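Fold and geometry: a report
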Amino acid sequence: MAGTYERPRRLVGRLGIAGWMLFDWAAQPFFTVITTFIFGPYLVSRLIENHDEAQAAWSYTLTISGIVIALLSPSWVRSPTPPGRASHGSAFLP
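Residues numbered from 1 in each chain as written. Predicted model: local features only at pLDDT ≥ 70, side-chain atom pairs only at ≥ 80, totals over all residues. Heavy atoms only, no water.

**Let's talk about the overall build of the protein chain**
Let me state the cut-off plainly: Under the scheme used here, helices are H or I runs from DSSP no shorter than 4 residues and strands are E runs no shorter than 2 residues, and both carry numbers assigned from the N terminus. The classification of residues rests on relative accessible area computed with a 1.4 Å probe and restricted to protein chains. Under 20% of the type maximum is buried, over 50% is exposed, and intermediate values are partly exposed. Only the protein chains shown count as cover for residues, and the accessible areas themselves come from Shrake-Rupley with a 1.4 Å probe.
Secondary structure summary: the protein chain contains 2 helices and 0 strands in total. Taken over 94 residues, the protein chain has a buried fraction of 11%. Accessible surface for the protein chain amounts to roughly 8,500 Å². Of this, 67% is attributable to carbon and sulfur atoms.

**Overview of a nonpolar patch on the surface**
Inclusion rule: Residues qualify for a patch when their relative accessible area is over 30% and they have no salt bridge, like charges being joined within 9 Å and the nonpolar side chains of Val, Leu, Ile, Met, Phe, Trp and Tyr within 5 Å. Any Lys or Arg side-chain nitrogen found within 4 Å of a carboxyl oxygen on Asp or Glu counts as a salt bridge.
A cluster of nonpolar residues, F30, F31, V33, I34, F37, I38, F39 and Y42, forms a patch on the protein surface that exposes about 840 Å² of accessible area. Looking at where F31 falls in the secondary structure, it is placed in helix α1 (residues 14-47). Residue classification places F31 among the exposed positions, given a relative accessible area of 52%.

**Details of the environment of T63**
In plain terms, the rule: We define a polar contact as two N or O atoms separated by no more than 3.5 Å, with the added condition that, inside protein, one atom must be a possible hydrogen donor and the other a possible acceptor, whereas residues neighbouring each other in sequence contribute only through side-chain atom pairs.
Structurally, T63 can be placed in helix α2 (residues 51-78). Within the structure, T63 has its side chain in polar contact with the backbone oxygen of S59 (distance 2.8 Å).

**Side note on the packing of aromatic side chains**
Threshold: Aromatic contacts are taken between Phe, Tyr and Trp rings whose centres are within 6.5 Å, Trp giving its six-membered ring; a plane angle under 30 degrees counts as stacked, one over 60 as edge-to-face, and the others as tilted.
Under the counting rule described, the total for this entry stands at 3 aromatic pairs. Relative to F23, the ring of W20 has its centre 5.3 Å away and its plane inclined at 35°; by these criteria the two rings are tilted. Taken as a pair, W20 and F23 lie in helix α1 at a separation of 3 residues, close to a single helical turn. Note on W20: relative accessible area 56%, which makes it exposed. Note on F39 and W58: the rings are 5.5 Å apart at their centroids and 65° apart in plane angle, and the pair reads as edge-to-face. With F39 in helix α1 and W58 in helix α2, this residue pair connects regions lying 19 residues apart in the sequence.

Structural data, given as structure tokens:
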């Protein structure tokens, strides 16, 4: 039928999804630690001689990127939804 949405077959079982969730849960702190405590101070020390100004610049960069992600994420979520169905995030967009 034209215009109807058929649910795709499940390609990954529940065990595969659970395994991915556990991997993501275990790996995410590594990236947080590297970004926060290793990369940030290294970049700050190489960016500007005055460490206070460099730390402020790093903080502003992270703040602006977080705001941009928060504002654009509803439109990113909206694109993979099936035709004819609205996602929850698309309520804020035209």
